[in-house]
Each structure stands twice: as C-alpha cells, then as structure tokens.
Amino acid sequence: MAKSKHNHLLDTIGDLILNAKKEGLVHLYTEGTHFDGRHIQVEGKKLFHFGTTGYLGLEQDQRLKDAAIDAIQRYGTQFPLSKTYVSFVIYKELEKAVRKIYNSPIVITKNSTLAHIGVIPTIVRDEDVLILDQQVHASVQNASQLLKARGTSVQLVKHNDVDMLENTLKRLRNKHQKIWYAADGVYSMFGDVVPLEQLLPLMERYPQLHLYIDDVHGMSWAGKHGAGYVMSKLGTLRERIVLVGTLSKSFGASGGVVAFGDDHLYEAFKVFGGPQTFSAQLEPPSVAAALASANIHLSDEIYDLQQDLAEKVSLCNQLIRKTDLPLIQENVCPVHFIGAALPAVSYEFAKRLMNDGFYVNVATFPVVPVKNTGIRFTISRHNQPEEIEALVAAMQYHYPKALEKEGYSLNQVRKAFKLPIPEEKATEVQPKSQEGLHVEVVDTICKVNPEEWNNLLGERGAFDWNALSFYEDVFTNHSVAHHRWDFIYLLIRDNEGKVVLATFFTAALWKDDVLAAASVSEQAELIRKIDPTYLTSRVLSMGSLITDGDHLYLNREHPLCNNALKAMSTTLESLKEKYRCNTVMVRDIADNDREINHFMHTQGYLQITLPESAVIQKLDWNSQAEYLSRLSSKSRSHIKNDIFKFQSHFDIEAKEKLSAEDLLRSYHLYQDVSNHNFAFNNVEFPFRLFETMNQDSNWEFITFRLKEEFMVAGDDPLVGVVFTYQTKESYCAVLLGMDYQYSREHKVYKQIIFHATMRARALGKERIFLGLTSGQEKKKYGATLIPRVGYLQAQDNYKLELVESMVEVA
C-alpha cells in the first residue's frame, strides 16, 4: 500500500507530533539558570537526564568552556567569510588534530547534514548508483534527493539485510561504474550497528561496492582516539569508504567531519563541495572547543572516559536483563530502546517516567515504523549508577501499568518487534475485551441477519447483504490464489444487543503502489511482467478492492463508542495474524474526523489520502431539463458539447444479461481500462467475476456501441460498458470498460457517466455512486466529492519507503 502525497504525509507527521505535544512529551523547553548534564528541568520538574547524545559529557568539560570563551574574546563570535577564501587562524590546528584522530584526510563542515548535502552529490556520479539502507539517517536520505533530480539512480534495501544488498549488487553491477551503499555506523533509535563483518567481505567480492557511513552516534565513545564505532572495527580507513563523523554530540563541540579513504575523492570535495564551498565556516568558539576536545581525544584520557561510560552501559544492560522489559537490542553503545508498539502505550509510559523524575525520549513515526514506537533513552557519563538503577526500577514498575491502561500485552509488543517470546510467557493471558461490549466475528455474510445488516450499511455502496453474498461466491474459493479473498464481518454490541460498530473486512492480495503516483506504478508494472508478485502484499482491509463507500457504521452517540473502536483495533491485530496479512487498512473515513484521526494514530496507524468518492445524492428531478437546470452553466455547456453532440454516435442499451460474445468483449474492455489506470493501480479482477454478474439479477450492464459510420471496418462496435449494481435505493457504477482507440474522439467515458446517471433516475433510485478517480469530471454531472482518508498499519516501513523512493523528482 502506497504512501500518500508528500504534502499530506507532512500533515500526517505534523498530526503525530501534535499528538505527542498535547501529551507534554515533545516541543518542550528547559528551565533554570544553568545546566549540568545530569539533570534537566522541564515545567517545574527536576528530572534525571536520560535523553542526551553527549554520551561522554564533554560539553560540560571546563577545558572546552574555557577555550570557547577565550576564542570569543580573541576572535569574536564569528568569522563571517567562506572557507573557500580564508579560514581563521586556529582552523588549521583543528584540521590537523582531527586528521590525526582518523589518520586519514578529512574535511570539517558546518554540521553533518551539510556534509551529506555536499559530499553525496560530489562523490556519486551520474554513472553510479546509490543504495540506501532503509533506516539510514534522514539527512542522508534527503541529500540523495539531489541525485534523483540529476537522474542518478537511488535504490532502497531493507535495514541491515546484507543478502538483499548482495542481490541488488548482482543486479546492478553491469549497469553502473560504482555502487555506493549508505548506512549508519550506529543507528540513532534502536542503537543497532552496521554489519561490517558482512560488508567487508562483500567489498572483496564486489570491487564496485563503496561504503558511505554516517557514524555520528558512534563518535568518541568508541575507537582509537575516539574515532568512532566504525573505526574501532576497521582500524584503518579503507580506500572505498567515506566516513562522516561529528564534532558535536559526544565530541562536545559542534560541526561535522568527513574522512576519506581515497585521496582523489578528498581533493574533489575539498576543491568544490557544494554548500561547503559557499557556507559560512564554524564560529571561533566552536572551533576552539572542538580543538580542546580533539586534544583530549588524542591523549590517553579518552580511554578512561570510554571505560567509564562502558561500565555504565554494561550496568544498564545487566539490570534490564533481569526484567521483562522488551529491550529491542542489547547494545554496547549508549542508545537503548524499550518497545511499546502502540503510540498510546509509549505516551503513557513516558509520562509516568517523567512524573517519577526521569526524562526519556518518545520515538514515533517517521523515525521508527508506525507500529514500532517506544521509549529511547541514552546513558551518558553524567548518569550515576544509582540513577541508572532507579530508572530501570521505574521502568519495570510503570511499563506493565502503561500496557494495562491501553489494553495491550507484553506478548503483543514482542510480536510487533519480532522478539522471541519466552516459553513460560507464551500462554500469557491477553487483555480482556472492552467492558460492556460483545464482539462478534463471522466469516460469511450468511451468518449475519440480512435486515439488520442492510439497515446499518446496506445503502452506503455496493455492499448490501446480497452484494456481499455475491462477492463471497466469486472470491472465497477462487481457484487462483491471488484472486482468493477471505471475508470477515465484525459487529460490536452492547449488553442489550444494540450494535455500536459494524463493518466488514477482506484479506486479499493488493498492489502496494495502488495509490502511488502514476510514474511509480508504470515502473512497478514493468517489473511485474517478470515478477508478478513484485510490490504486492496481503492486506486486511476494511471493505474490499471492489467496493466504494462508507464501510464503517459507528454509533457516535453511544457512551461506549470509543471502547468499540478500541475493541475493533484489538480484534484487527488478531485477525491480521490469523489471515497472515502484512498490512491493515481502515479506510473511507471522513478526512475531517478528528476523533477517529486521533484514535487511529494512538493505535499505531498512519493516515493516507484516498481518492475522493463521487456520489450524486439526490436523483429527484422530473425531467432532463430539470436535471440540467440544477447544474452550473459551465456544466450545462459541458454536457451540451461533450454528451449531446456525440450521443447520436452510439446505440446505448441497459441489459440484464449479455451474450457470451459481448461478455468476453466487455471483459476485454474492462482490462483495457485496468491496464491504463496507473493513477489507481488496482488488481485486475478475474473473468469469473463478470460471468457471475451475468447470472445475478442485481447487476446490469449499460453498453455503448459505436455506429458503423464511425468505426474502422472490422472493429467490434462495443466500445464502452459500465457494470452496475442495484440496492433498494442506490445505483452503483462499480466497474467500467472502454476501447481507448475510440474513447477520446467520441467521449466514451463522459457518455458512461451521463447515461449511468440517467439510468439510475429512470429506475427510481435515490442516489448513484460513481466510484473513485476523475472526481472533477464527475462533479460536472452534479456529483458531490467526498474526501476520504485511510489508516494504514504495516508490519514495517520498507515497502512504504520503497514506493516513496520510486517517485520521480521533477
């Protein structure tokens, strides 16, 4: 399932951050007149600080402070001139010192983000390719966009998946001169590390492979002279490796550093490095503080500092090992992550810890997958052993209470992070269902009362009781696996049997690019000619691939409304596992429904934009003239020029049943539309669907035959068809087919919309559902466009990010 449009994705991220802000967990300000690194004061509370990235505590070292103050007095607050022209006096000293730390040529930059923006477009040439690790830092991914704008290939592989990387190398090695792989040395959220022990042999087997590693979180606390985690493993920087470090974080000052194993690349970036060439240089106090820190790094003192921190990290690991806390990975680095899965659990857990006197970081999408939220905390030299012990004890106390409040279990968290479940915990009692509610889950509409279902959902689209029975007949036992759907009906009642929530779900194979930009689907379809399963996922979706409309009945006035939503969320988690789905989609929710929006975000769902539904709500005109009078003058002119002018070209007929020949032709017309509609790249439905339609009295076909004088001799005159379903009150244009050879010249699509509308009125229906896409065209005929959103929960972010990475940069 694809991500939404980029601007809407930013809105979604904003909503998630806003939720965390409302919980009092982000966008905070420290208080007080000084800062010691050990404590932090927020909103009147003095907290032990377990959120710093200054792991060695050098930012509080008096030698760095004195150097910075002295530099200000001697050189001023800044040296406002590009380094391309001239650098102030102590810059050379710093460059010499940092070069000794790495024992390689280096360039110092304003920060690591500008380093990436400058280095990546310089070293990755147009004939090369850049492969991004899925979780490489956002600053690296942002810099890669500059390559895409140039037409340079940028690809994505799963996080730390060396097998996938090697398969990609095999596929690309004959197409590109250099293959760059970008990764983090230490990943900033989970604290896991780059698998160098596997990558170095890969470099031996593939001479084209070059590594670009961001090791800012590995700096200072590891390696000879504090050169970082990666250098601690390499010893010497190799020729085909570029390493980015930092003079901030553990180093205690500010700025970025790029170390090169290749003199040619070093010279290329030194001479012209994008923003490095034009940007202002580091300020004198920053350079002086960094030089003071570099001198510490070049002395034996750095190893005492590293050992002190390592002992505290080891203590933390030992303490957590004795608990049930789901530590995502036991690390040698100072970064730790306790998984919570749901944002709601993360928020509750973090608030409890803050109230108990501990500051930690909440980690939510987009820095982690939406269902992999949790608490990130760091250990620094400022933290004392007794404080570390107190933090672990507080986490052990508050974590199960946070889970209980949100109705979640430790086993569910472990499953979300693919952590092993200890044998003695495998039978853990799951959270009780919402009090006062009864959840009914059945696998066929035959087990649901027809009258009750139709009263709740029957007129919201082509999914009344009869329609669902029809779909089950087509898809439930289909002989082809990718056309086989599971149907699940969910009704949640109160103690008196009154329905609070009702809906249905299907488990089926979807294309992950169904809502992506057309250019992405065009790329995907080329690959699917060789690999039909490329970018497909089994999705547990509200509604189905064929239905459009409001699939969720929710009694907003019922006092247990919110509890019913939570019961649905809990049920979906078990259904996702039962039906072996990678993704869950709750769809067709009003885009301005703030209540559901907030709830779904706290349950680990990501909001995406869906195509607008088009519905003409009232078919109550008495004549065609009256219908036209309700439209705007522009729409009337449109109908006159595009409908009336061309309708004499056609023989138009509504049929309950098609001949075998016409049915096959209609199916081919449908396939033609399916193969052209990259804007909504749905799966292609099987011929059996149309065969079954032809036997069902609730379906009819409106056919459009082009008259002989407008046809090429020998062509089939059937050039358009719409497949419609009728409920008691509604007419649903579910699918259509067109011959693209004639569609534009004779306005076939426009004829279909108009005549389907006229047919609905002739049958006395109250409304017509005109389906998805082409909303502005349908609006001309009086349709109301209903903005809808979906809520997506994926097993991980890889496919979402892969689809996003395929979007072309204009």
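Definitions and limits used
Residues numbered from 1 in each chain as written. Predicted model: local features only at pLDDT ≥ 70, side-chain atom pairs only at ≥ 80, totals over all residues. Heavy atoms only, no water. Helix = DSSP H or I, 4+ residues; strand = E, 2+ residues; numbered from the N terminus. Rg over C-alpha atoms; globule rule 2.2 N^0.38 Å. Buried < 20%, exposed > 50% of the residue type's maximum accessible area, 1.4 Å probe, protein only. Areas by Shrake-Rupley, 256 points an atom, 1.4 Å probe, with all protein chains shown as cover. Lys, Arg positive; Asp, Glu negative; His and termini not counted. Charge placed at Lys NZ, Arg CZ, Asp CG, Glu CD. Salt bridge = Lys/Arg side-chain N within 4 Å of Asp/Glu carboxyl O. Polar contact = N/O pair within 3.5 Å; in protein donor to acceptor, adjacent residues only side chain to side chain. Contact = heavy atoms within 4.5 Å. Pairing = 2+ DSSP bridges. Axes fitted to C-alpha atoms, helices over the stretch in contact; angles between N-to-C directions. Left-handed = near helix turned anticlockwise from the far one by under 90°. Nonpolar A, V, L, I, M, F, W, Y, C, P; charged D, E, K, R; others polar. Expected span 1.5 Å × (residues − 1). Phe/Tyr/Trp six-rings, centres within 6.5 Å; stacked < 30°, edge-to-face > 60°. Parallel < 35°, antiparallel > 145°, perpendicular 65-115°, else oblique. Core = buried A, V, L, I, M, F, W, Y, C linked by side-chain atoms within 4.5 Å.

Trainee: Please set out the overall build of the protein residue by residue, giving values where relevant.
Mentor: When helices and strands are counted, the protein shows 28 helices and 26 strands. The C-alpha radius of gyration of the protein comes to 31 Å, within 12% of the 28 Å expected for a compact globule of 810 residues. A principal-axis box enclosing the C-alpha atoms of the protein has dimensions of 90 × 65 × 50 Å. Within the span of the protein, comprising 810 residues, buried residues form 59% of the whole. Entry remark: accessible area of the protein is about 33900 Å², with carbon and sulfur atoms responsible for 49%. Put simply, the protein has 88 plus and 100 minus side-chain charges, and the middle of one group is 2 Å from the middle of the other.

Trainee: Help me get a handle on the pattern of salt bridges, residues and values and all.
Mentor: Counting across every chain of the model gives 41 salt bridges. For Arg493, the salt bridge goes to Glu440, with nearest N and O atoms at 2.5 Å. Here Glu440 lies in strand 14 (residues 437–442) and Arg493 lies in strand 15 (residues 486–494), a separation of 53 residues in the sequence. For Arg493, a relative accessible area of 14% translates into the label buried.

Trainee: Could you give me a rundown of unusual backbone geometry, with the residues and numbers involved?
Mentor: Positive phi is not limited to glycine here, since Asp588 has a value of about 65 degrees. With respect to the element layout, Asp588 can be found in strand 19 (residues 583–590). On the basis of relative accessibility, which here comes to 3%, the residue Asp588 falls in the buried class. Although it is not a glycine, Thr773 adopts a positive phi angle of roughly 65 degrees. Assignment of secondary structure puts Thr773 in the loop between strand 25 (767–771) and helix 27 (775–779).

Trainee: Describe the side chain of His336, and please don't skip the residues or the numbers.
Mentor: Looking at the secondary structure, you find His336 in strand 10 (residues 335–341). Given the relative accessible area of 0%, His336 is considered buried. One polar contact links His336 to Asn317, side chain to side chain, over a distance of 3.2 Å. The residues touching His336, leaving out its near neighbours within four places in the chain, are Met189, Val313, Cys316, Asn317, Leu327, Asn331, Ile375, Arg376, Phe377 and Ile379.

Trainee: Which residues make up the sheet that holds strand 2 (residues 45–49), and what values do they have?
Mentor: Two strands in a sheet stick together by hydrogen bonds in their backbones, pointing the same way (parallel) or opposite ways (antiparallel). Spatial ordering of the open sheet is given by 1-2-11, a layout of 3 strands whose pairing is mixed. Only two strands of the sheet have a single neighbouring strand rather than two, namely strand 1 (39–42) and strand 11 (358–359). Inspection of the sheet shows strand 1 paired to strand 2 by 4 bridges, in the antiparallel sense. In the sheet register, Gln41 faces strand 2, and the bridge partner there is Lys46.

Trainee: Would you mind going over the environment of Leu202 in detail, with residue names and values included?
Mentor: Examined against the element boundaries, Leu202 turns out to sit in helix 7 (residues 196–205). Owing to a relative accessible area of 0%, Leu202 belongs among the buried residues under this scheme. Sequence-wise, Leu202 and Leu165 are 37 residues apart; in three dimensions their C-alpha atoms are separated by 9.4 Å. Those residues in contact with Leu202 that lie beyond four places of it in its chain are Val162, Leu165, Glu166, Leu169 and Leu209.

Trainee: Describe the packing of helix 2 (residues 62–75) against helix 11 (residues 284–297), and please don't skip the residues or the numbers.
Mentor: It is at 7 Å that the axes of helix 2 and helix 11 come closest, and there the two elements cross at 145 degrees. Considering only the axes of helix 2 and helix 11, their crossing is right-handed. Here Arg63, Leu64, Ala67, Ala68, Ala71, Ile72 and Tyr75 of helix 2 come into contact with helix 11, specifically with Pro284, Pro285, Ala288, Ala289, Ala292, Ser293 and Ile296. Tallied by class, the residues present in the contact of helix 2 with helix 11 amount to 12 nonpolar, 1 polar and 1 charged.

Trainee: Lay out helix 12 (residues 301–321) in plain terms, naming residues and giving numbers.
Mentor: For helix 12, built from 21 residues, the straight-helix expectation of 30 Å at 1.5 Å per residue is met to within 8% by its first-to-last C-alpha distance of 31 Å. When helix 12 is considered as a whole, its buried residues turn out to be Ile302, Leu305, Gln306, Leu309, Lys312, Val313, Leu315, Cys316, Asn317, Leu319 and Ile320.

Trainee: Which residues make up the packing of aromatic side chains, and what are the values?
Mentor: Counting across every chain of the model gives 31 aromatic pairs. Their ring planes at 50 degrees and their centres at 6.3 Å tell us that Phe50 and Phe358 sit as a pair that is tilted. Taken together, the positions of Phe50 in the loop between strand 2 and helix 2 and Phe358 in strand 11 put the pair 308 residues apart, joining distant regions of the chain. When the centroid spacing of 5.8 Å and the interplanar angle of 85 degrees are considered together, the rings of Trp453 and Tyr489 count as edge-to-face. Within this pair, whereas Trp453 is found in helix 16 (residues 450–457), its partner Tyr489 is found in strand 15, the two being separated by 36 residues in sequence. Here Tyr489 falls in the buried class, since its relative accessible area comes to 0%. Ring pairing ties together the aromatic residues Phe475, Trp485, Phe487, Tyr667, Tyr670, Phe685, Phe687, Phe690, Phe701 and Phe723, which thus form one cluster.

Trainee: Let's hear about the pairing of strand 3 (residues 106–109): which residues, and what values?
Mentor: Alternating positions in strand 3 separate into two faces, Ile106 and Ile108 on one and Val107 and Thr109 on the other, with burial throughout. Of the strand pairs in this sheet, strand 3 and strand 9 (residues 256–260) are connected by 4 bridges, and their pairing is antiparallel. Among the inter-strand pairings, Thr109 is bridged to a residue of strand 9, identified as Gly256.

Trainee: Explain the packing of helix 6 (residues 162–172) against helix 7 residue by residue, including any values.
Mentor: Contact geometry for helix 6 and helix 7: axes closest at 11 Å, N-to-C directions at 15 degrees. In terms of orientation, helix 6 lies roughly parallel with respect to helix 7. Remark: the crossing between helix 6 and helix 7 carries right-handed chirality. On helix 7, the residues touching Val162, Leu165, Glu166 and Leu169 of helix 6 are Gln198, Leu199, Leu202 and Arg205.

Trainee: Break down the nonpolar core for me, citing the residues and quoting the values.
Mentor: Core analysis: the biggest nonpolar cluster contains 111 residues, and Tyr102 and Phe377 have the highest contact counts within it. The residues contacting Tyr102, other than those within four sequence positions of it, are Met219, Ala227, Met231, Leu243, Gly245, Val257 and Ala259. Counting residues in each nonpolar core, the second largest holds 62 residues, with Trp453, Ala467, Phe470 and Leu792 among its members.

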